[in-house]
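Notes for the structure review
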Amino acid sequence: MNQLVIEVDGIKNINSEFVKEEYGEELTNELLNRANYCLKENMDWKLEVIDENYHFVTFAFATRSYSYVYEISKKRKYISQKDFIGYSDAEAVLELMDGIRK
């Protein structure tokens, strides 16, 4: 498990203190809402940093059926972009990308 996620009594949750300090309150609230929804619906989830540069960090909050991708401004600590990607959309885009490679 990474620093973004903690586990207590076998239940995963967002490490809200760490996320709030590093990336801001807006992202913390978003991720807590997502994690709480998954807990309520008995859905497994993962949260990872998928890209980072000098100005932005990009997170993916993923379940088996969808993902939210968040781009965060490091300096201002706010969500500059949020995208929802459903499983079928992801499959279609990957197929399209695979067709370009051939």
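The text that follows walks through the structure, step by step, so that each part is easy to find. (Residues numbered from 1 in each chain as written. Predicted model: local features only at pLDDT ≥ 70, side-chain atom pairs only at ≥ 80, totals over all residues. Heavy atoms only, no water.)

**Let's talk about the sheet that holds strand β3 (residues 46-52)**
Sheets are built from strands paired through backbone hydrogen bonds, the pairs being either parallel or antiparallel. As summarised here, the arrangement of the four strands in space is β3-β4-β5-β6, forming an open sheet in which the pairing is antiparallel. The two strands at the open ends of the sheet, each matched to only one other strand, are β3 and β6 (78-86). When strand polarity is set aside, the average angle formed by the axes of neighbouring strands in this sheet is 20°. Sheet strands in contact with helix α2 (residues 25-40) are β3, β4 (56-62), β5 (66-73) and β6, and its direction is about 165° off that of β5. The strands touched by helix α3 (residues 87-101) are β5 and β6; relative to β6, the strand with the most contacts, the crossing angle is about 85°. (Pairing = 2+ DSSP bridges. Helix = DSSP H or I, 4+ residues; strand = E, 2+ residues; numbered from the N terminus. Axes fitted to C-alpha atoms, helices over the stretch in contact; angles between N-to-C directions. Contact = heavy atoms within 4.5 Å.)

**A word on helix α1 (residues 16-23)**
Residues F18, V19 and Y23 constitute the buried set of α1. Seen from one end, α1 has its buried residues packed into an arc of 95°, which puts them on one side. Facing away from the buried side of α1 by over 90 degrees, the exposed positions are E17 and E21. Those residues of α1 that are buried are in contact with β2 (11-14), α2, β4, β5 and β6. Among the residues trailing α1, G24 stands out with phi positive, at a value near 105°. (Buried < 20%, exposed > 50% of the residue type's maximum accessible area, 1.4 Å probe, protein only. Arc of directions from axis to C-beta.)

**Quick word on the pattern of salt bridges**
Oppositely charged side chains are able to pair whenever their charged atoms sit close together. Applying the stated criterion across every chain, the model contains four salt bridges. As a salt-bridge pair, K12 and D44 come within 2.9 Å of each other at their nearest N and O atoms. In this pair, K12 sits in strand β2 while D44 sits in the loop between α2 and β3, placing the two residues 32 residues apart along the sequence. Where R34 meets E30, a salt bridge forms, and the shortest distance between an N and an O atom there is 3.4 Å. Note that R34 and E30 are positioned in helix α2 at a spacing of four residues, about one turn of the helix. Looking at E30, the relative accessible area reads 18%, which means it is buried. Salt bridges linked by common partners bring E30, R34 and K82 together as one network. (Salt bridge = Lys/Arg side-chain N within 4 Å of Asp/Glu carboxyl O.)

**Considerations on the nonpolar core**
Within the largest apolar cluster, 20 residues are counted, with the highest numbers of intra-cluster contacts made by Y23, L27, L47, F59 and Y70. Within the residue set of this core, elements represented by two or more residues are α1, α2, β4 and β5. Aside from chain neighbours lying at most four places away, what touches F59 is L4, Y23, L27, L47, E48, V49, I50, Y68, V69, Y70 and I72. (Core = buried A, V, L, I, M, F, W, Y, C linked by side-chain atoms within 4.5 Å.)

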